[in-house]
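What the coordinates show
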There are 2 protein chains.
Amino acid sequence: MNKNVAIGQSGGPSAVINAALAGIMAEMFGQPGVGKVYGLRYGIDGLIKGDLADLEAFRPDASGKNEMLSLLKHTPAAYLGSCRHKLSETDTAEYDKIFENFRRNNIGYFFYIGGNDSMDTLHKLYLRSQERGEDIKMIGVPKTVDNDLVLTDHVPGYGSAAKYIATSMLDMTYDLRVYDKPSIIIAEMMGRHAGWLTAAAALAAENGSHDELMIYLPEIVFDVDKFVRDVKDRLENTPKLVLAVSEGLRFADGMFVSENEIIAERDAFGHAALAGCGKALTHFLKSNIKIKLRSVEFNVLQRSAGHCLSLTDVNESLLVGKTAARRALEGESGKVICIRRKAGDAYEIEMAAENVGDICNKEKPFPLEWITDDHFVTEDFFRYVKPLIQGEPELAMKDGLPRYISL
Amino acid sequence: MNKNVAIGQSGGPSAVINAALAGIMAEMFGQPGVGKVYGLRYGIDGLIKGDLADLEAFRPDASGKNEMLSLLKHTPAAYLGSCRHKLSETDTAEYDKIFENFRRNNIGYFFYIGGNDSMDTLHKLYLRSQERGEDIKMIGVPKTVDNDLVLTDHVPGYGSAAKYIATSMLDMTYDLRVYDKPSIIIAEMMGRHAGWLTAAAALAAENGSHDELMIYLPEIVFDVDKFVRDVKDRLENTPKLVLAVSEGLRFADGMFVSENEIIAERDAFGHAALAGCGKALTHFLKSNIKIKLRSVEFNVLQRSAGHCLSLTDVNESLLVGKTAARRALEGESGKVICIRRKAGDAYEIEMAAENVGDICNKEKPFPLEWITDDHFVTEDFFRYVKPLIQGEPELAMKDGLPRYISL
């Protein structure tokens, strides 16, 4: 008897999370033994409620083509909707509902696309399915702009976010140079505990010079006095500066710099919802240096800029999705698809799979040895990140704007 | 004897101000009677100081090509540097320096690219040149993302800024839809007195529905109570909203909404440097509605996003620059090149010239009759704006980022 497929998206949106969804569908539709493909509305919440969308409209035609599938590949955010629901360790009623909905919809394959919190969800479901003797192949598909998953070289979503950040920093640097007077732009990037996104600002340094650019990552304790001193020193030779700062900067006592400014709200995973680190730094500088200051937040655009995609990232997200599908069809379960970078100068990757229990709830920080004393990054980081932002997909356009699809 | 050319850029940067510069150069180089082409460093300040850059590197070769000229066309901000220097009515010493530098550099053609403040500078120089009997052909080349110049259908720079805003709003709307809970994003756009930029957010409304979108322009007096009431009403049917608001919103007493939050600094033209209208609105809502709120400023990116250009805008900016050059060569002076839209359904334009004295220091507001009671815009605006954002230039890319040039 045919088995059906359920796919969910979870955690923060990204510009290529839908490419992973497209990859899974492209591979699963039409496979022997595979029936319908369903999408969970708003992640695991949809599975608990039994809110599943039939994705039949994405079935490729005889020649393997489907226009909606093509559009989906370049649609940002999360087509199926997402959630930040942490499954309980103990509440069996929640699991009962989930497994009832699995059975009711005859699900044999379950794919969950997300970051380390989402992999926690997958891990719990996998353990429960083992306990309950349910034969559902469960595969995790990594996605996070934060790039902080362990056991994978990098994570789909990061390349496009890095490209958006680098491109916007480049545009802002050109804007900064326009007037003949000292000026500072402080640009704040996402990344609670890992500086990967903020470090991508380094890509905007042109022609080998980074005099205009100073980078502050959460991996290094933030010291206000040193910060003001270093910025003052830099201004003596370079009167126009762009500072790329992480939302997650902390003082030596562990307090977020942004907590000076706002009462942090906490989400379901207990993470503080940060905002305003850039504003806080603006205040520190304002009281010490007389100079024009601007603070800019890239905000949600850094994770959802469908208009500034890395082709490499899109293709890899698609490939990770397809690989997940193939592994599930081959009978694997409880695994997360990972990207390995092959040794050598040319950028080449291969797909691998790791146990979901080894990946969930862990964070990979930005390597300390890639951070320089003059607030920049080493060549090692450039070698790492450059391949990830290469290429631009040809977007379907309508009336001058990208054409996306909505559920 | 050959005469030389001087070109200046002034006021706020735009994504296509350099295309206008490229257009002037493409036309002036190699014309009989034309010698060197100079660029003013930092606008009129460069002319006062005698700080001129020789632009010989942009001279097209025998086949009419020049790689730097091609790159310049798609480089955002202001290649020559800009300023916000208001020329005195009475200080003759400043004019003496300017005309001395005109003579010393044998300038016969002067082009000034900018908005209404910059046209004030051009107007003053034109009047003084007449008084002093100086034969310098002076032509203004319009540029402003604000789109608020009179006597022209629209202004180069607006199309690309509108495209960036619409594209980013579209991406943000997709991000907004991801979670299954009520949420509001407030996006703040530039535009002190005119709502053209903010109105461009309307382009992000898809499939004829604008339920998710509310637009607040500075042409309509802002009323906090009505604002909170209207947002509450809209939330009843549409729990996820994007509000596009102008930085220039004012209360009935004329006070800027943003002045609740910050002490406005004033620039040389006496304009308040605004920030924080979106933040102020966030506060108004926060105290009345329990909902997740985010405020986003597009900040300098809306005027300098070289990565999101309208091809129509680039081509028109180039054409306006070329037309300015031709008019100067034909002996015109004291004029500003304007764009006329031909009657009829198809979008077609023609070039015209108006007296600089009729354009400077005036502002064209967004038409009140294009604003609807439900915080949106009419079809008339869509007919007006859609042609301006069409097409995407093929950017020169290097390592995944746009390739620009710097002086």
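Residues numbered from 1 in each chain as written. Chains lettered and ligands numbered in written order. Predicted model: local features only at pLDDT ≥ 70, side-chain atom pairs only at ≥ 80, totals over all residues. Heavy atoms only, no water.

1. So, the interface of chain B and chain A
- With 58 residues of chain B in contact, the opposing surface of chain A contributes 57 residues.
- For the pair chain B and chain A, the interface holds six salt bridges.
- A salt bridge links lysine 49 of chain B to aspartate 180 of chain A; the shortest N-O distance between them is 3.6 Å.
- The interface formed by chain B and chain A includes 35 residue pairs in polar contact (both at pLDDT 80 or more).
- Only α6 (158-176), β11 (292-297), α10 (301-304) and β15 (401-402) of chain B provide two or more residues apiece to the side of chain B that touches chain A.
- By residue number, the principal contributor to the side of chain B that touches chain A is α6 of chain B, which donates 10 residues.
- Looking at the side of chain B that touches chain A residue by residue, the class counts come to 27 nonpolar, 15 polar and 16 charged. (Contact = heavy atoms within 4.5 Å. Salt bridge = Lys/Arg side-chain N within 4 Å of Asp/Glu carboxyl O. Polar contact = N/O pair within 3.5 Å; in protein donor to acceptor, adjacent residues only side chain to side chain. Helix = DSSP H or I, 4+ residues; strand = E, 2+ residues; numbered from the N terminus. Nonpolar A, V, L, I, M, F, W, Y, C, P; charged D, E, K, R; others polar.)

2. Some remarks on the packing of aromatic side chains
- Applying the stated rule across the entire model yields 44 aromatic pairs over all chains.
- Here phenylalanine 366 of chain A and phenylalanine 381 of chain A contribute two aromatic rings whose centre-to-centre distance is 5.1 Å and whose plane-to-plane angle is 65 degrees, an arrangement assigned as edge-to-face. Remark: phenylalanine 381 of chain A occurs in helix α12 (residues 379-385) and phenylalanine 366 of chain A occurs in the loop between β13 (349-355) and α12; sequence separation between them is 15 residues.
- Judged by centre distance (5.2 Å) and plane angle (70 degrees), the rings of phenylalanine 102 of chain B and phenylalanine 110 of chain B are edge-to-face.
- Of the aromatic side chains, those joined through ring pairs into one cluster are Tyr158, Trp196, Phe366, Trp370, Phe376, Phe381, Phe382 and Tyr384 of chain A.
- Seen from the ring of tyrosine 174 of chain B, arginine 177 of chain B lies directly overhead, with NZ or CZ sitting 4.6 Å from the centre.
- Over the ring of phenylalanine 256 of chain B we find arginine 250 of chain B; its NZ or CZ atom is 4.0 Å from the centre of that ring. (Phe/Tyr/Trp six-rings, centres within 6.5 Å; stacked < 30°, edge-to-face > 60°. Lys NZ or Arg CZ within 6 Å of the ring centre and 35° of its normal.)

3. A short note on the pattern of salt bridges
Residues and elements named next belong to chain A.
- Taken as a whole and assessed by the stated rule, the structure comprises 48 salt bridges over all chains.
- The partner of arginine 327 in a salt bridge is glutamate 332, and the shortest N-O contact between them spans 2.9 Å.
- Salt bridges linked by common partners bring Lys36, Asp54, Glu56 and Arg59 together as one network.

4. As for the pairing of strand β8 (residues 240-246) of chain A
Residues and elements named next belong to chain A.
- Counting buried positions along β8 yields seven of seven residues, so the element is predominantly enclosed.
- Alternating positions in β8 separate into two faces, Lys240, Val242, Ala244 and Ser246 on one and Leu241, Leu243 and Val245 on the other, with burial throughout.
- Bridge analysis of strand β6 (residues 183-189) against β8 gives seven bridges, and the strand direction is parallel. Residue pairing in the sheet places serine 183 in a bridge with lysine 240 of β8.
- Where strand β7 (residues 213-216) and β8 come together, four bridges link them in parallel fashion. Bridge pairing in β8 places methionine 214 opposite leucine 243. (Buried < 20%, exposed > 50% of the residue type's maximum accessible area, 1.4 Å probe, protein only. Pairing = 2+ DSSP bridges.)

5. Considerations on the relation of the copies chain B and chain A
- Aligned on chain A, chain B shows an RMSD of 0.0 Å; the corresponding rotation is 180 degrees and the shift along the axis is 0.0 Å. The symmetry that links the two subunits is that of a two-fold axis. If distances are taken from each C-alpha of chain B to the rotation axis, the shortest is found for glutamate 297 of chain B, at 3.7 Å.
- Here 98% of the interface residues in chain B have copies in chain A that are interface residues too; the copies meet face to matching face. (Least-squares fit on C-alpha atoms with pLDDT ≥ 70 in both.)

6. Overview of the nonpolar core
- Counting residues in hydrophobic clusters, the biggest one holds 174 residues, and the most contacted among them are Phe111 and Met169 of chain A together with Phe111 and Met169 of chain B.
- What methionine 169 of chain A contacts, discounting residues up to four positions off in sequence, is Ala187, Met189, Ala201, Ala204, Leu213, Val242, Ala244 and Phe298 of chain A.
- Membership of the second largest hydrophobic core comes to 30 residues, among which are Tyr112, Met119, Ile136 and Val336 of chain B. (Core = buried A, V, L, I, M, F, W, Y, C linked by side-chain atoms within 4.5 Å.)

7. Here's the deal with the environment of lysine 137 of chain B
All names here are of chain B.
- Relative to the elements of secondary structure, lysine 137 occurs in strand β5 (residues 137-142).
- Ignoring sequence-local partners within four residues, the contact set of lysine 137 consists of Gly108, Tyr109, Phe110, Ala328, Gly331, Glu332 and Ser333.
- Polar contacts involving the side chain of lysine 137 include one to the side chain of aspartate 135, which spans 2.8 Å.

8. Considering the sheet that holds strand β13 (residues 349-355) of chain B
All names here are of chain B.
- Reading across from one edge, β3-β2-β1-β4-β5-β12-β13 is the order of the seven strands in this open sheet, with mixed pairing throughout. Only two strands of the sheet have a single neighbouring strand rather than two, namely β3 (52-54) and β13. Each strand of the sheet is rotated relative to its neighbour by a mean of 30 degrees, with strand direction disregarded.
- In the packing of helix α5 (residues 116-131) onto the sheet, the strands contacted are β4 (107-114), β5 and β12 (335-341), and the crossing angle to β4 comes to about 155 degrees. (Axes fitted to C-alpha atoms, helices over the stretch in contact; angles between N-to-C directions.)

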